[in-house]
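Spelled out, the chains give:
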Amino acid sequence: MTLSEASTRGAAAVGARGDRTALPPPLLCVDGVTLEYRAPGRVVRATQNVSFDIWEADRFILLGASGCGKSTLLKAVGGFVTPREGRILLEGKPVRGPGPDRVAVFQEFDQLPPWKTVRENVAFPLRISGRLGRKEASERAAHYLEKVGLTRFADAYPHTLSGGMKQRVAIARALAMEPRVLLMDEPFAALDALTRRRMQEELLALWEDVRFTLLFVTHSIEEALIVGNRIALLSPHPGRMRAEINSHAWGLHSGGSPDFQAAANRIHSLLFEDGDAHDGKDRQ
Ligand SMILES: Nc1ncnc2c1ncn2[C@@H]1O[C@H](COP(=O)(O)OP(=O)(O)O)[C@@H](O)[C@H]1O
Ligand SMILES: [Mg+2]
């Protein structure tokens with residue numbers, strides 16, 4: 001598999017089958033989306049005319065330097081920011097606000113209410129969203145806590161857990177909602193390098209098991225290649241799509257290989273070929 005700016009999954013599938021109609025409709029369609037923050041006398045354009053499609057069970061990555069609008073795009077898919085231009089469709093229907101079909105995991109370790117135990121943290125959203133009764137919510141929480149290896153810590157409070165364990169709880173809580181799309185905004189960025197690598201492994205193992213659809217934001221090229229099967233490269237100010245690439249050829253065990261390094265270098269030059277924002281710190 002070679003990297004190519006045009007090698008979208010759609011294009012690859014069309015090439016392989018020679019028949020565009022054979023593609024299923026995308027689960028999530030982001031179509032020409034321009035996002036702005038407005039304050040009196042000031043408009044910040046976060047993204048301009050960004051388009052991508054995500055299919056069921058994709059692990060789709062938004063990759064770019066800080067400030068290129070990744071988090072704002074995730075918020076727009078989450079329904080918290082309304083596009084100035086363009087549209088966002090989930091299963092063909094416009095996204096009009098937040099909903100339990102899109103659940104987010106963030107970088108911050110304080111996303112769990114500290115007064116609830118691990119089990120309550122996972123079960124509570126299931127109950128308040130009206131999806132499940134108390135008993136069913138508790139059972140579903142136990143199921144997903146088992147999947148992230150935290151059964152023994154179900155009765156612990158968040159402050160007693162490590163950063164990695166808190167992120168596992170946040171992931172279990174999100175997956176327990178069984179969303180159509182799982183949104184993750186730099187979920188491992190605040191972890192030490194070894195824990196981060198382990199969390200990437202665990203996330204991929206969970207994906208093998210559950211086959212959720214993932215929209216994942218990172219500024220790390222290496223993380224994008226490991227976690228994703230498709231990567232959107234964004235350039236900053238405002239965020240624009242620079243390229244989209246297939247990355248399913250790389251995974252946990254391709255880290256040191258020459259192919260992987262070549263892919264990382266190619267992405268790096270695609271992201272920074274204008275020299276903007278390149279200070280060498282964004283390569284991880
Ligand atoms: N609440 C806000 N009000 C005004 N501008 C914002 C706000 N949040 C983000 N921005 C601006 O929007 C742009 C994109 O930000 P963001 O989506 O956070 O980028 P990223 O996640 O890629 O670092 C940046 O220029 C940022 O300063
Ligand atoms: Mg961000």
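Residues numbered from 1 in each chain as written. Chains lettered and ligands numbered in written order. Predicted model: local features only at pLDDT ≥ 70, side-chain atom pairs only at ≥ 80, totals over all residues.

Draft legend 1. Molecular detail of the pairing of strand β3 (residues 59-63). Burial within β3 is extensive, with five of its five residues counted as buried. Where β3 lies against strand β8 (residues 214-218), five bridges are found, and the strand directions are parallel. Considered in β8, the bridge of Leu-63 is made with Thr-218. In terms of strand pairing, β3 meets strand β9 (residues 230-235) through four bridges, oriented parallel. Pairing of Phe-60 across the sheet is with Arg-230, part of β9. (Buried ≥ 20, exposed ≤ 12 C-beta atoms within 10 Å, placed from the backbone. Helix = DSSP H or I, 4+ residues; strand = E, 2+ residues; numbered from the N terminus. Pairing = 2+ DSSP bridges.)

Draft legend 2. Region of interest: the site of ligand 1. In the region of ligand 1, the neighbouring residues are Tyr-37, Val-44, Ala-46, Gly-64, Ser-66, Gly-67, Cys-68, Gly-69, Lys-70, Ser-71 and Thr-72. Sorting the residues of the shell around ligand 1 by element identifies β2 (42-54) and α2 (70-78) as the ones contributing at least two each. By residue number, the principal contributor to the shell around ligand 1 is α2, which donates three residues. Of the residues assigned to the shell around ligand 1, the class counts are four nonpolar, six polar and one charged. (Near = placed C-beta within 6 Å. Nonpolar A, V, L, I, M, F, W, Y, C, P; charged D, E, K, R; others polar.)

Draft legend 3. Examining the confidence of the model for the protein chain more closely. Residues of the protein chain with pLDDT of at least 70 account for 89%, and the chain-wide mean is 90. A low-confidence stretch, residues 1-18 (pLDDT under 50), is modelled with 21 contacts involving residues beyond four sequence positions or located in other chains. Predicted confidence is poor over residues 276-284, with pLDDT under 50, and the contacts of this stretch with residues over four places away or in other chains come to 12 contacts. (pLDDT = per-residue confidence, 0-100. Contact = placed C-beta atoms within 7 Å.)

Draft legend 4. Geometry of the packing of helix α5 (residues 163-176) against helix α6 (residues 193-210). Contact geometry of α5 with α6 gives a least axis separation of 11 Å together with a crossing angle of 20°. As summarised for this structure, α5 and α6 are arranged roughly parallel, according to the angle between their axes. Considering only the axes of α5 and α6, their crossing is right-handed. Of α6, the residues touching α5 (which contributes Gly-163, Gly-164, Gln-167 and Leu-175) are Thr-195, Arg-198, Met-199 and Val-210. Across the contact of α5 with α6, the residue classes tally to three nonpolar, four polar and one charged. (Axes fitted to C-alpha atoms, helices over the stretch in contact; angles between N-to-C directions. Parallel < 35°, antiparallel > 145°, perpendicular 65-115°, else oblique. Left-handed = near helix turned anticlockwise from the far one by under 90°.)

Draft legend 5. Fine view of the sheet that holds strand β5 (residues 93-94). Across the sheet, which stays open at both edges, the four strands sit in the order β2-β1-β4-β5 with antiparallel pairing between neighbours. Strand pairing shows two members of the sheet lacking a second neighbour, β2 and β5, which therefore form its edges. As paired strands, strand β4 (residues 85-90) and β5 are joined by two bridges and run antiparallel to one another. If you follow Leu-89 over to β5, its bridge partner there is Pro-94. Across the sheet, α2 touches β1 (28-39), β2 and β4, and the angle it forms with β1 is around 110°.

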